[in-house]
Amino acid sequence: MFKKIWIYGAPFSGKTTLATAAPDHFVLSTDGNAQYTTKSYKVITDEVKQIGRMEQRKLAWEVFKDEITKLETTSIYKTIVVDLVEDTYEMARLYMYKKLGITHESDDSFRAWDKIRTEYLSTMRRLMNLPYDIILISHEDTSKDITKRSGENITAIKPNMTDKVANKLAGMVAIVGRAVCNDGDYTLQIKTDEVTFGGGRLGVTNVVIPLEWAEVVKLFERGGKE
């Protein structure tokens, strides 16, 4: 079984360290920080070539899609990591802005939101269907306050993605978990409730495991059952 997971958490919570402990990994890095944890990576950014006086620009989203195309025809890796996945959504937005001739979704509110999500999610589906273990990495968002059923106000904890896109991405993976570091203790919390975004298809319910790749593998091997 190929392991498809989405890990989110605060900066320095061990997300990338976990991902780069996976075997034969290749990191599609949007922030350039992969250089500190691995030698096997590609920085996803605009690529600019100067041809005479003309500037030729290849947008980051096109670079990302080209990397997926390459992965569809190669088998030298076992694990593909996208770090950070929310950046790829912003890349898709900019790409579609140029394609649609707009500067914001509100410029074409009847079509733009849908077209951008379709472009993004169809490409991510191509990635997730590849025969590799795939790890998506996101920062966490704790900026939204919600009211619990009890009436208590509390901060929601979720990946740094819009809800509609996050819910669709969650449907493409087996596990969504939150990386947490408390006093040097690194764990992966896999649970879902009215406060925390997470869970999965392995029958996982309120599971906390050490933030180690071997522990993730064990979780898949036992089908998420304690």
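Our structure is the block above this text.
Residues numbered from 1 in each chain as written. Predicted model: local features only at pLDDT ≥ 70, side-chain atom pairs only at ≥ 80, totals over all residues. Heavy atoms only, no water.

K.L.:
Hey, could you run me through the nonpolar core in this one?
P.N.:
Note that soluble globular proteins tend to have their nonpolar side chains buried in a common cluster. Of all hydrophobic cores here, the largest spans 43 residues; its most connected members are Trp 6, Phe 64, Tyr 120, Met 124, Leu 127, Leu 136 and Leu 169. Among the elements of the structure, strand E1 (4-9), strand E2 (25-29), helix H2 (60-71), strand E6 (79-83), helix H3 (85-100), helix H4 (112-128), strand E7 (133-141) and helix H5 (163-170) are those that each provide at least two residues to this core. If we skip the residues at most four places from it in the chain, Leu 127 touches Phe 64, Ile 68, Ile 80, Val 82, Ile 134 and Leu 136. Formed by 24 residues, the second largest nonpolar core is a distinct cluster that contains Leu 18, Ala 174, Leu 211 and Trp 213. (Core = buried A, V, L, I, M, F, W, Y, C linked by side-chain atoms within 4.5 Å. Buried < 20%, exposed > 50% of the residue type's maximum accessible area, 1.4 Å probe, protein only. Helix = DSSP H or I, 4+ residues; strand = E, 2+ residues; numbered from the N terminus. Contact = heavy atoms within 4.5 Å.)

K.L.:
Where do I start with the layout of surface pockets in this structure?
P.N.:
Empty space among the atoms can be located by rolling a probe the size of a water molecule over them. Within this model, the largest pocket holds a volume of roughly 310 Å³. Around the largest pocket, the lining is made up of 16 residues, and of these Pro 11, Phe 12, Lys 15, Thr 16 and Asn 33 lie nearest the centre. Element by element, the count of residues in the lining of the largest pocket is highest for helix H1 (residues 15-19), at 3 residues. (1 Å grid on protein atoms, 1.4 Å probe; cavity = no way out; pocket = protein on both sides within 12 Å on 5 of 7 lines; lining within 4 Å. Points joined across faces, edges and corners; volume = space filled by probe spheres on them.)

K.L.:
Just checking my understanding: could you explain the pattern of salt bridges for this structure?
P.N.:
Two side chains that carry opposite charge are able to pair once their charged atoms sit near each other. All chains considered together, the criterion is met by 15 salt bridges. Between Asp 66 and Lys 58 there is a salt bridge whose closest N-O contact spans 2.4 Å. According to the relative accessible area criterion, Lys 58 is partly exposed, its value standing at 30%. Note that Glu 72 and Arg 126 form a salt bridge whose closest N and O atoms lie 3.1 Å from each other. Placement of the pair is Glu 72 in the loop between H2 and E6 and Arg 126 in helix H4, with a sequence separation of 54 residues. The class of Glu 72 is partly exposed, set by a relative accessible area of 40%. Among the residues examined, Arg 126 registers a relative accessible area of 28% and is labelled partly exposed. Through salt bridges with shared partners, one network takes in Asp 46, Glu 55 and Arg 57. (Salt bridge = Lys/Arg side-chain N within 4 Å of Asp/Glu carboxyl O.)

K.L.:
What's the story with empty space enclosed by the protein in this structure? I'm lost.
P.N.:
Taken as a whole and assessed by the stated rule, the structure comprises 1 cavity of 30 Å³ or more. Approximately 30 Å³ is the volume attributed to the largest cavity. Considered class by class, the residues forming the lining of the largest cavity number 1 nonpolar, 3 polar and 2 charged. (Nonpolar A, V, L, I, M, F, W, Y, C, P; charged D, E, K, R; others polar.)

K.L.:
For this particular structure, what's the right way to read the pairing of strand E11 (residues 175-182)?
P.N.:
Each regular strand displays side chains that alternate between the two surfaces of the sheet. Within E11, 6 of the 8 residues are buried, which leaves the element mostly enclosed by the surrounding structure. In terms of strand pairing, E1 meets E11 through 5 bridges, oriented parallel. In the sheet register, Tyr 8 faces E11, and the bridge partner there is Arg 178. As paired strands, E11 and strand E13 (residues 199-200) are joined by 2 bridges and run antiparallel to one another. Residue pairing for E13: Ile 175 is matched across the bridge by Gly 200. Examined bridge by bridge, E11 and strand E12 (residues 185-190) share 5 bridges and lie antiparallel to one another. For Asn 182, the partnering residue across the bridge sits in E12 and is Asp 185. Between E11 and E12, which pair antiparallel and follow one another directly, the connecting turn spans 2 residues, one of which, Asp 183, has a positive phi of 50°. (Pairing = 2+ DSSP bridges.)

K.L.:
Any chance you could explain the packing of aromatic side chains here in plain terms?
P.N.:
When we look at a pair of aromatic rings, we describe it by the centre distance and by the angle of the planes. On inspection of all chains with the given rule, the structure shows 5 aromatic pairs. Plain terms: the ring middles of Phe 26 and Tyr 77 are 4.7 Å apart, the flat faces sit at 20° to each other, and that makes the pair stacked. Of this pair, Phe 26 sits in strand E2 while Tyr 77 sits in the loop between H2 and E6, placing them 51 residues apart in sequence. Phe 26 sits in the buried class, given a relative accessible area of 8%. Counting every residue linked through ring pairs, the aromatic cluster contains Trp 61, Phe 64, Tyr 89 and Tyr 120. (Phe/Tyr/Trp six-rings, centres within 6.5 Å; stacked < 30°, edge-to-face > 60°.)

K.L.:
Even after reading the chapter, I still don't get H5, so can you show me in this structure?
P.N.:
Think of an α-helix as 3.6 residues a turn; residues three or four steps apart then line up on the same face. Every buried residue of H5 is accounted for by Val 165, Ala 166 and Leu 169. Burial along H5 is one-sided: seen end-on, the buried residues are contained in an arc of 100°. Set apart from the buried face of H5 by more than 90 degrees, the exposed residues are Lys 164 and Lys 168. Residues of H5 that are buried sit in contact with E1, H3, H4 and E7. (Arc of directions from axis to C-beta.)

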